[in-house]
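Inside the fold
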Amino acid sequence: MPSPRWMTWPARWWARMDGKSVRSRLTMLTVLTSILVMVGGMVALVGLRDSLGRAEQDTHVVAPALDSNRELKNTMVSGQSALRGYLIAKLTEREKLEPAGSPAVFLERYETALTSYQDHLDRLDSLLAAADGVGSVSTAELTRLRDRQRQAVMAWWAYAASAKLTYDITPLLLMRGDALFADVDEANAALSRALLEQRDSLADALRDTIRATQRQVLISTVAALLAAALLGWWSMRDLTVPLARLRDTCLRQSSGSRDVWADEDRGAREVRELAVGLNALTSSHHTLLDGQTYALKLAQVARETGRRIQDAPDLESAVELSLDAVGTALGSDDCCLLMIHGVAGGERGGFGWKAGQGSQRYSVSEEAAQLVRREVRQLWKGERCLAIPDVTALDQPSALFQALIRQGQDPAVGGAVLVAPFGVGEVPRGVMTARFRTGRRTWSEVETGFVQFITAELARGAEAEEVAHARSEQMTRLEELDRQKDEFLSTVSHELRTPLTSIAGYLELIADEDVGSLAEEQRQMLGIIDRNVTRLRGLIEDLLLINRMRDSDTQIEAVDLDALVMKVGDDVAAVAEMRGVCFEVSADAGAQVMADRGQLTRAVSNIVSNAVKFTGRGRRVRVRTVPSPESERVRVVCVDEGIGIPDHEQSRLFTRFFRASNATRAQVPGAGLGLVVAKGIVEAHGGAVTIHSVQDVGTTVTVELPLVFPAPS
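Below is a short write-up of the structure. (Residues numbered from 1 in each chain as written. Predicted model: local features only at pLDDT ≥ 70, side-chain atom pairs only at ≥ 80, totals over all residues. Heavy atoms only, no water.)

As a further point, take the overall build of the protein. Scanning the protein for helices and strands turns up 15 helices and 13 strands. With 713 residues in all, the protein has 36% of them scored as buried. The long-range share in the protein, meaning contacts at least 24 apart out of those at least 6 apart in sequence, stands at 69%. Total accessible area on the protein is roughly 40600 Å²; 56% of this is exposed by carbon and sulfur atoms. (Helix = DSSP H or I, 4+ residues; strand = E, 2+ residues; numbered from the N terminus. Buried < 20%, exposed > 50% of the residue type's maximum accessible area, 1.4 Å probe, protein only. Contact = heavy atoms within 4.5 Å. Areas by Shrake-Rupley, 256 points an atom, 1.4 Å probe, with all protein chains shown as cover.)

See below:
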């Protein structure tokens, strides 16, 4: 007996759906799930709307109405107590009894309640008018209770208005007011009970709505999940086997097998398309791996070649290394390089490299170099690298190709060519080419980058060689200038000292009156000449000392620093007294230093003499020796109250022949070498000189020396 048609429908539907594509199945799954989710969402929205309506009624109508009703009750109670107090106060005042309070105070409270009760009634009316009848208490019932309360309230206020004006206050009048207020109180309580009942019924309805919505949403969600699970299982069953085969293929490919490919003839249409894409991806992956391997190889060659270029003894060796590295790494047929600018005065030249033959140098004529130079400069300013897949496709090969590709040996111009100029900054120094003689070839970015890296290293090497050559020439010139300076100082000093000695001798003869008596004015003139001779002799000695300061022929001995400072103080004291400067010396550090006595005496004397020279009459100069906070050092500190040094000039104090601007304006004599000599001597003894000065206040110079003289380097 055949089965009914409705019983065979699932089998027929299943068979018809079994031939559907994965896309159709997923579409059906998405549509069914979306419908079920939308149904659940609509149910949730309806329940949410009802819940929000009830919550809004409770929040915006019932609860505010309850609050307004309570406020009305409080206002009525306040008005009643104020009216009663007012009447009693008037009665006691009239009967001249003990006052129960001021009538004005009660009247003020009464007036306040009178002005606010109507607002509460109006607000209550507006809130109850917004009630939508949802709940156990109907809108009509709420309206009736509201009207009842309004009537009771208005009746009491009418009574209050007449009672306030009544002269005879009787118990009957008060009892009538109490009865009217009892009506108000009862009406208010009835409305409050109705509102509370309404709020409770809204809360119950809200809970019921939420439960019903939850049930409906749960049912819809479970149905959607079941439908999704069923359709998903059905679709995945038909995809598992072909996808498992693809998975095995991927695993074998990931293990390193390069001969495993996906079967493009089995499985669903989407699975076959996936197999085709996987095979294409595998092919691209193999190509990428080959490219990465090639790129890593070129990177390794580039690093090694760059290191070898930097270590090359000369530029020619670096060029040969570069050509061999580029030609071998790229596998090109030949390479060449042309220097269009000489390095360190060298000649321009070309270098060629052929596979299996190595590199060799050839000369380039000035005419050929001129032809190439223009195009190389344009290329250097533009792309800085030119990759030609096939030179034969060019209409007219330029002079650049004619000069570089032929290399003066091969007349045939053809194949793929890579041209890379190199230089530093805006100036190109040369150009390198790599060529495959036959066929068309596309140059990759890795190859162009490799060649550019090599040429950049070559340019740096050329720049370094030129800088080294220039530095060598500069050092040679500086040494020659230094030698000439020493000879000049020695010659000039000797030529100046001889006549100065003669002048000093004749001055002494004249001063001793060996050639005749002298007038006082003549003696003063001779004194001026003698001082200037002494000044010029000191300048010559400073120049000679600066020139000899680098020599190591100093006579080192143990020197009592206190005694040395006291001797310098004795020498300078007479000058200080003559200038009217208060001069003080205290040397009690008890320290000895290993030093050249003569040089150290000159350094301290220069510092102390400067202090006296730049200090005005009536001011003070103090010199003292003190132990340094460090255990193996000692300090000589010279403090003056002189003209000081401007802040912006203090950084130039130890520059030869520099003099401060205020010293120049004051016309204080000097050559600007005293501090330079002192600093050089102190530093030669392993010490240091520091200066702190404030203009128009004074200067403090500190000389710090080690107690043990360091060994010469």
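Across its 27 residues, helix α3 (residues 103-129) extends 40 Å between first and last C-alpha, which sits within 8% of the 39 Å expected from 1.5 Å per residue. Along α3, the positions that sit buried rather than exposed are F106, Y110, A113, Y117, H120, L121, L124, D125, L127 and L128. (Expected span 1.5 Å × (residues − 1).)

This brings us to the nonpolar core. Within the largest apolar cluster, 37 residues are counted, with the highest numbers of intra-cluster contacts made by F583, V623 and L705. Mapped onto this core, the elements with two or more residues apiece are α12 (561-579), β9 (592-596), α13 (597-613), β10 (620-627), β11 (633-640), α15 (674-684) and β13 (698-706). With seven residues, α13 is the single largest residue contributor to this core. Setting aside its immediate chain neighbours within four residues, V623 contacts V565, F583, E584, V585, S586, V608, V636, V637 and C638. Among the nonpolar cores identified, the runner-up in size contains 31 residues, and A312, L315, V326 and M432 belong to it. (Core = buried A, V, L, I, M, F, W, Y, C linked by side-chain atoms within 4.5 Å.)

Our focus in this paragraph is the packing of α3 against helix α4 (residues 139-165). Where α3 contacts α4, the two axes come as close as 11 Å, and the packing angle between them is 165°. Accordingly, the angle class assigned to the pair α3 and α4 is roughly antiparallel. The two elements α3 and α4 meet at a crossing, and its hand is left-handed. Where α3 approaches α4, its residues L107, Y110, A113, L114, Y117, Q118, L121, D122, L124, D125 and L128 are matched on the opposing element by L142, R146, Q149, R150, V153, M154, W157, A160, A161 and K164. A class-by-class count of the residues in the contact of α3 with α4 yields 14 nonpolar, two polar and five charged. (Axes fitted to C-alpha atoms, helices over the stretch in contact; angles between N-to-C directions. Parallel < 35°, antiparallel > 145°, perpendicular 65-115°, else oblique. Left-handed = near helix turned anticlockwise from the far one by under 90°. Nonpolar A, V, L, I, M, F, W, Y, C, P; charged D, E, K, R; others polar.)

Here we take up the packing of helix α6 (residues 269-311) against helix α7 (residues 315-330). Helix-helix packing is described using two parameters, namely the angle between the two axes and the distance between the axes. Where α6 meets α7, the axes come as close as 10 Å, and the angle between the chain directions of the two elements is 170°. Classified by the interaxial angle, the pair formed by α6 and α7 is roughly antiparallel. Where α6 approaches α7, its residues Y294, K297, L298, V301, T305, R308 and I309 are matched on the opposing element by A318, L321, S322, A325, A329 and L330. Residues belonging to the contact of α6 with α7 are distributed by class as follows: nine nonpolar, two polar and two charged.

Turning our attention to the sheet that holds β11. The strand order across the open sheet built from five strands is β8-β10-β11-β13-β12, with neighbouring strands paired in mixed fashion. Two strands close off the open sheet at either side, each with one partner strand: β8 (582-587) and β12 (688-694). Pairwise comparison of adjacent strand axes, ignoring direction, gives a mean angle of 10° for this sheet. Alignment of β12 against β13, held across seven bridges, turns out to be antiparallel. If you follow H692 over to β13, its bridge partner there is T700. Running over the sheet, α12 touches β8, β10, β11 and β13 and is turned about 170° from β8. Its contacts with the sheet put α13 on β8, β10, β11 and β13, and the angle it makes with β11 is roughly 25°. (Pairing = 2+ DSSP bridges.)

All we've got here are geometric facts, nothing functional implied.
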